[in-house]
Amino acid sequence: MNEIFEGRVAIIGLGYIGLPTAVALATRGVEVVGVDVNEATVKAVGNGEVPFIEPDLAVGVSGAVAMGSLTATTVTPEADAFIIAVPTPFLDNHEADMSYVRAAVEQIAPRLRGGEIIVLESTSPPGSTENVSRWLEELRPDLNPAHASEGLPDLHVAHCPERVLPGKIMIEMITNDRVVGGITQECARKAASIYRVFCLGEILLTDAASAEMSKLVENAYRDVNIAFANELSLISEDLNLDVWEVIKLANHHPRVNVLTPGPGVGGHCIAVDPWFIVGASPELTPLIRAARAINDSKPHHVADQLIVKTARFREPTVACLGLAYKPNIDDLRESPAVAIVDEIAAALPDLDIRVAEPFIHVLPAALSGHDNVQLQPATSAIADADIVLLLVDHDHFKSLSRSRLEGKVVYDTRGVWR
């Protein structure tokens, strides 16, 4: 029998995954308490507002708050289930920074009474969910978290990685299949009951480490394929070929589907997760490591090429279009576009750089320290520019009239204006 969860859920972390998950549960009648260390985020959610841009999320938040099924706080409450959705960035040596997860566990531990479900949604290296169980055992020796070799526990610890696309989160949250990996089979079964509340896709039960690895494999697969496309773009540039034409022709083969190249790889998943596999088996991951090197080097290549183009002018003005890591969102995490603008501004401090990003209102910290960078609407940035650098294929930029580009040097990293 497929059990469906009933009770209160506390979601630790109200970011791009935690808040949509809270809405998915709360709009289906589950009592949800969202917890975040950022007081501004808690205040916004408490007022029924969304602290970032994501289609369909705002109406969900306002509706859930109005229903009384979603509240927000900075203090972790007692609950029947806890979902940890905090960041897991990588450190300078590319190892996973699990300090946010550990802090979340430390907040949860004092609130436990026995019988709770604790789900780690944060993308993590294999073994992280087992570590959560061990940490709970250290913090609450009076309770018995599940371990792989044990039977019935007091706490049910599991991993359910998110697998949604920013810009379509509220759709994919419902329709995508979910992988739920438990420390034990019973833990997986208990955790799955939470996702059955809203998930229409298939819920696949497995062990925790396999669930952790499956998420990393999904993103490493994408990273390797993007690296192939990016390497093709470098080769085509060297041979004076149109890489998008080459890829279009190659993709007419029935078993070939080459992705499109770009200025690099960003975001909270593809640019980060492959390193967790490398860290787990450093001697056995030359392909994944090479893909990361190719994609990490692409922003430097774009910046170098742009700098070369400025030599044609005496005192050029450059319009850089886009800062987000992908189109039609405001997410700047690990964005290659930000890195490119930062590198150009540092290399040419006298260069006049106009940045257009329709989804933000102030420059990010990485760029605000450059005196030669200013944020402008796309139309005015292009009008004043000698060189136009397209970094993100926002619909807003695609809709601009080509006539605005006449007489300007155009460097299109996305193939929009071929």
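Reading the values: the criteria
Residues numbered from 1 in each chain as written. Predicted model: local features only at pLDDT ≥ 70, side-chain atom pairs only at ≥ 80, totals over all residues. Heavy atoms only, no water. Salt bridge = Lys/Arg side-chain N within 4 Å of Asp/Glu carboxyl O. Helix = DSSP H or I, 4+ residues; strand = E, 2+ residues; numbered from the N terminus. Buried < 20%, exposed > 50% of the residue type's maximum accessible area, 1.4 Å probe, protein only. Expected span 1.5 Å × (residues − 1). Polar contact = N/O pair within 3.5 Å; in protein donor to acceptor, adjacent residues only side chain to side chain. Pairing = 2+ DSSP bridges. Axes fitted to C-alpha atoms, helices over the stretch in contact; angles between N-to-C directions. Contact = heavy atoms within 4.5 Å.

### Here's the deal with the pattern of salt bridges
A pair can form between side chains of opposite charge whenever their charged atoms are brought close. Throughout the structure, instances matching the rule amount to 22 salt bridges. Across the pair Glu78 and Arg113 runs a salt bridge, and its minimum N-O distance is 3.7 Å. Remark: Arg113 occurs in the loop between helix 4 (99–108) and strand 5 (117–120) and Glu78 occurs in the loop between strand 3 (70–73) and strand 4 (81–84); sequence separation between them is 35 residues. What makes Glu78 partly exposed here is its relative accessible area of 42%. As a salt-bridge pair, Glu138 and Arg102 come within 3.7 Å of each other at their nearest N and O atoms. Linking Glu138 in helix 5 (residues 128–139) with Arg102 in helix 4, this pair joins segments that are 36 residues apart in sequence. Since its relative accessible area comes to 54%, Glu138 is described here as exposed. Several salt bridges converge on common partners, so that one network encompasses Glu78, Asp80, Arg113 and Glu116.

### Overview of helix 1 (residues 18–26)
A large share of helix 1 lies buried, amounting to nine of its nine residues. Within the span of helix 1, buried status applies to Gly18, Leu19, Pro20, Thr21, Ala22, Val23, Ala24, Leu25 and Ala26.

### With respect to helix 8 (residues 208–238)
Taking 1.5 Å per residue as the helical rise, helix 8 with its 31 residues ought to reach 45 Å, and the 45 Å between its terminal C-alpha atoms agrees with that figure. A side-chain oxygen of the first residue of helix 8 lies 3.3 Å from the backbone nitrogen of Ala209; this N-cap is Asp207.

### Let's talk about the sheet that holds strand 10 (residues 352–356)
The strands making up a sheet associate through backbone hydrogen bonding, with each pair oriented either parallel or antiparallel. Across the sheet, five strands lie side by side as 11-10-9-12-13; this open sheet has parallel pairing. Each edge of the open sheet carries a strand with a single partner, namely strand 11 (373–375) and strand 13 (409–412). Geometrically, the sheet is characterised by an average inter-axis angle of 20 degrees between neighbouring strands, direction not taken into account. Note that strand 12 (residues 387–390) and strand 13 share four bridges and pair parallel. What sits directly across from Ile387, in strand 13, is Val409. This element, helix 11 (residues 286–310), spans strand 9 (317–321), strand 12 and strand 13 of the sheet and lies at about 175 degrees to strand 13.

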